[in-house]
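Chains, contacts and geometry: an overview
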Amino acid sequence: MFLKWSSSSISRIFFVLSIPTVLFAATYYVAPDGQGSDSNPGTLQEPWATETKAENTVQPGDTVYFLDGKHTLDSDDKLAVPLSGNSSDPITFAALNQGKAILFGAVAPQVATTQGYDHIIFDGFVIKSAANNQGPFIRLHGFNNTVKNCEFIADFDNPDHGNNPAIYVPNQGGSNLLIKNNYIEGYKGGLGHEGICFYNVEDTIIEQNTIVDCHTGVNFKTNERNCTVRKNHIYDMDAKGVGIYVGDNPNLWHRNNKIYQNIIHNIKKQAIHIYVMSDDTGMDKNTTIYNNVMHNVRTFISSNDMYRVNATRFYNNIGLNSNPVAINAPNDNSIYYWDYNLYYNWTG
């Protein structure tokens, strides 16, 4: 005996098979220090006590809200995401009320990390740490991860502790990251003390952040491609507003990045600095810098070697109370485009 399949039967079978694996996204809650219990169901009325319980429970599509108050992080001293979400079902860790939940690292400065997993969102936290002379930070790498609406305050000035930005993408890199509407203050003392620092990143947006009183606001370190820095307010920097570092690896070029509509002021050195770190073969190519306002800075836009800054465009920028440009530039004007920039009260 043979079964007879109709087209409608086959369609119904494929419909059932195509139902997403996450049918019902869950919402959980974590209480501040001294409250809640990890034996609770994690509801608003009966929240968990630790972020570790949240880490061990969440699945793609879930949201974990942290209630108002101080959350001293558990034994590993960081909120460490254990798995990836997906494009339609990210995993979200958020303050129930923006700016009211404090993630506190009692020992180490690294307060949260995506651990290389993808589709993770951190939203609305105050990030603090008790680590001596090091500011608290979120380590963000992987794909389609987000840090937004968070506040980072370091309040330290120690040049012996480097590589400690507030939001840090390490050499493992990332893609399609979003860093938006964060407040960052006090990451200063020397190289490595940036508001935001990233390596090997592509298709990433850094926008609408306020970065104040740091060594450098935003740093492109290695091999950034198709990244956008826009609509940020960067001020009171000990060195640079935005730094682009060009190394000596011919395979690790900065390419097709955009810096626009930022307000950058009260900078002790360069508002935007393209710095070539050696005489070898790395390059910054097709960077576009436009529609920025920069004032009370020592130098408007600076590069120490325009031979390796290729097809870069500077236009429609406004500079006030600064030396407008300091560039070691070749005579070949095809290497860069410079036009429609306005300077007021400049000394150069």
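None of these values were measured; they are calculated from a predicted model. (Residues numbered from 1 in each chain as written. Predicted model: local features only at pLDDT ≥ 70, side-chain atom pairs only at ≥ 80, totals over all residues. Heavy atoms only, no water.)

A closer look at the packing of aromatic side chains
One pass over the structure, following the stated rule, counts 10 aromatic pairs. A centroid spacing of 5.5 Å and a plane angle of 80° characterise the contact between Phe-300 and Tyr-343, whose relative ring orientation is edge-to-face. With a gap of 43 residues between them, Phe-300 in strand β31 (residues 293-303) and Tyr-343 in strand β37 (residues 342-344) connect regions that are remote in the sequence. For Phe-300, a relative accessible area of 0% gives the class buried. Here Tyr-343 falls in the partly exposed class, since its relative accessible area comes to 24%. Site record: aromatic cluster; members linked through ring pairs are Phe-137, Tyr-168 and Tyr-199. When the ring centre of Phe-104 is taken as reference, the NZ or CZ atom of Lys-70 above it lies at 4.1 Å. A cation sits over an aromatic face here: Lys-221 above Tyr-245, 4.8 Å from the ring centre. (Phe/Tyr/Trp six-rings, centres within 6.5 Å; stacked < 30°, edge-to-face > 60°. Helix = DSSP H or I, 4+ residues; strand = E, 2+ residues; numbered from the N terminus. Buried < 20%, exposed > 50% of the residue type's maximum accessible area, 1.4 Å probe, protein only. Lys NZ or Arg CZ within 6 Å of the ring centre and 35° of its normal.)

Focus: the pattern of salt bridges
For the coordinates displayed, the defined rule picks out 7 salt bridges. One salt bridge in this structure joins Lys-180 and Glu-207, with 3.6 Å as the shortest N-O distance. Of the two residues, Lys-180 sits in strand β16 (residues 178-180) while Glu-207 sits in strand β20 (residues 205-207), which places them 27 residues apart along the sequence. Judged by its relative accessible area of 8%, Glu-207 is buried. Residue Arg-225 is joined to Glu-202 by a salt bridge in which the shortest nitrogen-to-oxygen separation is 3.4 Å. With Arg-225 in the loop between β22 (216-222) and β23 (228-230) and Glu-202 in strand β19 (residues 201-202), this residue pair connects regions lying 23 residues apart in the sequence. The exposure class of Glu-202 is partly exposed, given its relative accessible area of 25%. (Salt bridge = Lys/Arg side-chain N within 4 Å of Asp/Glu carboxyl O.)

So, the nonpolar core
The biggest cluster of nonpolar side chains holds 62 residues, and the ones touching the most others in it are Phe-93 and Phe-152. The dominant element in this core, judged by the number of residues it contributes, is strand β28 (residues 263-276), at 6 residues. In this structure Phe-93 touches Ala-54, Val-58, Val-64, Phe-66, Leu-79, Val-81, Ile-121, Phe-122, Asp-123 and Phe-125, once residues within four positions along its chain are discounted. (Core = buried A, V, L, I, M, F, W, Y, C linked by side-chain atoms within 4.5 Å. Contact = heavy atoms within 4.5 Å.)

Describing the pairing of β31
Examined bridge by bridge, β28 and β31 share 8 bridges and lie parallel to one another. Looking across to β31, one finds that Ile-272 is bridged to Ile-301. Bridge count between β31 and strand β34 (residues 318-320): 3 bridges; the pairing is parallel. Counted as the bridge partner of His-295 is Leu-320 from β34. (Pairing = 2+ DSSP bridges.)

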